[in-house]
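# Structural overview for review
Residues per chain, in single letters:
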Amino acid sequence: MKKPLILVINCGSSSLKFSLMDPKTGEESLNGIAQCLLSDNANISFKVNGEKQVLALLPPFDHNTAIVELVNFITKNNLFEQITAIGHRVVHGGEKYHQPTLITPQVKNEIAKLAKLAPLHNPANLVGIEATEKVFSHLLQVAIFDTAFHQTMPEKAYIYGLPYNLYQEHGIRRYGFHGTSHYFVTQRASSLLQKPLEQCNFISAHLGNGCSISAIVNGKSVDTSLGFTPLEGVVMGTRSGDIDPSIIFYLVEQLGYSLDQVNTLLNKESGLLGISGISNDCRTIEEQLLAGNKRAKLAIDVFCYRIAKKIASFSASLDNLDGLIFTGGIGENSNTIRSLILNQLSLLGFKANEQLNEEIRFGKQGNINDTTSRPCWVIPTNEEWVIAEQTQHLLINKGM
């Protein structure tokens, strides 16, 4: 008997990631990405049974073209009839969407309205939804919102120190992101701890080109480092994280920057890239660190210190702490970064076992703490599985 599968779609402005997955086991029958869309070198790659195939896309090189190629590939591999629904990653759901949501014309209109809060993401997510609707018109489409997991934050965590009417009238508040990742790894940590999730308190550190730290109490998010947009918080690959807001006025009024230039600087030219002057790729910077590059060392020091400081600050949200979780591309793979962060958290009772820290990388899961330390896990995230699983649960709950 063939397994029912969920097609997971994660659509960006110039890319479209996809995965065909068994929602019960997380087993992938197919995954891949269409990238460089809307350009002449657009291509799409498929990975099946460990083998990768890359195809050039024909004009018009857009998301619809990519979806057609995906459908053709799925059909050729006799997988089309196994797809029971499509789950879409949608970055911003505002305050309204805190659960998996069946996509309707009204929901699409709301996603479009929320584009003002995520102008780089929500419009692209809508493109993916509408492209798949054209060729999978017989299937239900479900939205899984990145912000949903953080809708349990209390007001004291999400209200800014601004006039309250800006929140009431314009929705200016902290929302948080990477919700599906934090949800997944806290579920796994609960299992490793052999303790019910609703009794677990964690701090979760999703570290990649984008980074976020979350405080989890009784299995629910009570605070997170990303805010109104994914620019707030710790230093990231190309994003500045927290800065004095007056720097923006100084750049504009004293140095002649335009607002567009400031936006580009803070989002695309800062962080590890801006400090190091080398790269936003942590692996490249670590290589330069070993070679004695002082700017590389400074970038790593700032990055790790800001993360350690944020983790420590979240102790104010907790009555007790069951452990710390590292995930994301850097969190899962860089033993150097993890060690430097943990070395600054001795006051919270953390200490790395250097051998375990060295071993647990590249897809491995496990505990990296010393025997005298609080628990600290490395848990590879799987946002696609969360989307597939939650899509399936919605269908079951609605009797579909």
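Scroll up a little and you will see the structure.
Report on the accompanying structure. Everything quoted here is computed from the prediction, not taken from an experiment. (Residues numbered from 1 in each chain as written. Predicted model: local features only at pLDDT ≥ 70, side-chain atom pairs only at ≥ 80, totals over all residues. Heavy atoms only, no water.)

Once that is clear, we can look at the pattern of salt bridges. For the structure on display, the rule yields 11 salt bridges. One salt bridge in this structure joins arginine 173 and glutamate 95, with 2.8 Å as the shortest N-O distance. Linking arginine 173 in the loop between helix 5 (164–170) and helix 6 (179–193) with glutamate 95 in the loop between strand 6 (83–90) and strand 7 (101–102), this pair joins segments that are 78 residues apart in sequence. Exposure remark for arginine 173: the relative accessible area of 2% places this residue in the buried category. On the accessibility criterion, glutamate 95 (38% relative accessible area) is partly exposed. (Salt bridge = Lys/Arg side-chain N within 4 Å of Asp/Glu carboxyl O. Helix = DSSP H or I, 4+ residues; strand = E, 2+ residues; numbered from the N terminus. Buried < 20%, exposed > 50% of the residue type's maximum accessible area, 1.4 Å probe, protein only.)

Further remarks concern the state of the cysteines. Counted under the stated rule, the structure contains 0 disulfides. Free of any disulfide, cysteine 200 has its nearest cysteine sulfur in cysteine 376, 15 Å distant. We classify cysteine 200 as buried; its relative accessible area is 0%. (Disulfide = S-S within 2.5 Å.)

Below, the discussion takes up the nonpolar core. Among the nonpolar cores identified, the biggest contains 43 residues, and Leu207, Phe326 and Ile341 are the most heavily contacted of them. When residues of this core are traced back to their parent elements, those giving at least two are strand 9 (201–207), strand 10 (211–217), helix 10 (282–290), helix 11 (294–313), strand 12 (323–327), helix 13 (335–343) and strand 14 (376–378). Looking at this core, the element that brings in the most residues is helix 11, giving 8 residues. Ignoring anything within four residues of it in the chain, the contact list for isoleucine 341 reads Leu207, Cys304, Ile307, Ala308, Ile311 and Phe326. (Core = buried A, V, L, I, M, F, W, Y, C linked by side-chain atoms within 4.5 Å. Contact = heavy atoms within 4.5 Å.)

The 6 strands are arranged 11-10-9-12-14-13 in an open sheet whose pairing can be described as mixed. A strand with exactly one partner marks an edge of an open sheet, and here the two such strands are strand 11 (220–224) and strand 13 (366–367). Pairing between strand 9 and strand 10: 7 bridges, direction antiparallel. Its bridge partner being in strand 10, phenylalanine 202 is matched across the sheet by isoleucine 216. Against the sheet, helix 11 contacts strand 9, strand 10 and strand 12, and its axis sits at roughly 15° relative to strand 10. (Pairing = 2+ DSSP bridges. Axes fitted to C-alpha atoms, helices over the stretch in contact; angles between N-to-C directions.)

A separate point is the packing of aromatic side chains. Given two aromatic rings, one states the distance between the centres and the angle between the planes to describe the pair. For the structure shown, the criterion picks out 10 aromatic pairs. With a centroid separation of 5.6 Å and an interplanar angle of 50°, the aromatic rings of phenylalanine 18 and phenylalanine 46 are classed as tilted. Of this pair, phenylalanine 18 sits in strand 2 (residues 16–21) while phenylalanine 46 sits in strand 4 (residues 43–48), placing them 28 residues apart in sequence. Here phenylalanine 18 matches phenylalanine 46 in class, with each residue buried. Ring centres of phenylalanine 46 and phenylalanine 73 lie 3.9 Å apart, and the angle between their planes is 0°; on these two criteria the pair is classed as stacked. In this pair, phenylalanine 46 sits in strand 4 while phenylalanine 73 sits in helix 1 (residues 63–76), placing the two residues 27 residues apart along the sequence. We classify phenylalanine 73 as buried; its relative accessible area is 9%. (Phe/Tyr/Trp six-rings, centres within 6.5 Å; stacked < 30°, edge-to-face > 60°.)

With that settled, the discussion passes to the sheet that holds strand 8 (residues 140–145). Backbone hydrogen bonds are what pair the strands of a sheet, in a parallel or an antiparallel way. The 8 strands lie next to each other as 5-4-3-2-1-6-8-7, forming an open sheet whose pairing is mixed. The sheet is open, and its two borders are formed by strand 5 (51–56) and strand 7, each paired with just one other strand. One ladder, built from 6 bridges, connects strand 2 with strand 3 (residues 28–35); its direction is antiparallel. Across the sheet, lysine 17 pairs through a bridge with isoleucine 33, a residue of strand 3. Taken strand by strand, helix 3 (residues 122–135) contacts strand 1 (5–11), strand 6 and strand 8, and its axis lies near 165° from that of strand 6.

A few words on helix 1. Along its 14 residues, helix 1 runs 20 Å from first to last C-alpha, staying within 8% of the 20 Å computed at 1.5 Å per residue. Listed in full, the buried residues belonging to helix 1 are His63, Thr65, Ala66, Ile67, Leu70, Val71, Phe73 and Ile74. Measuring from the side-chain oxygen of the N-cap residue of helix 1 to the backbone nitrogen of asparagine 64 gives 3.3 Å; that N-cap residue is aspartate 62. Asparagine 78 lies just past helix 1 and shows a positive phi near 55°. (Expected span 1.5 Å × (residues − 1). Polar contact = N/O pair within 3.5 Å; in protein donor to acceptor, adjacent residues only side chain to side chain.)

Structurally, threonine 238 can be placed in the loop between strand 11 and helix 7 (246–253). Take threonine 238: its relative accessible area is 14%, and that puts it in the buried class. Measuring from C-alpha to C-alpha, the distance between threonine 238 and glycine 210 comes to 8.2 Å, with 28 residues separating the pair along the chain. The contact partners of threonine 238, leaving out residues within four places of it in the chain, are Asn209, Leu265, Leu266, Asn267, Lys268, Glu269, Ser270, Gly271, Leu273 and Asn280. At 2.8 Å, the side chain of threonine 238 and the backbone oxygen of asparagine 267 are in polar contact.

This part takes up the packing of helix 2 (residues 105–113) against helix 3. Relative orientation of the contacting elements helix 2 and helix 3 amounts to 155°, with a least axis distance of 8 Å. Our classification of the angle between helix 2 and helix 3 gives roughly antiparallel. Crossing of helix 2 over helix 3 shows left-handed handedness. Seen from helix 2, the contacting residues are Lys108, Ile111 and Ala112; seen from helix 3, they are Asn122, Leu126, Ile129, Glu130 and Glu133. (Parallel < 35°, antiparallel > 145°, perpendicular 65-115°, else oblique. Left-handed = near helix turned anticlockwise from the far one by under 90°.)

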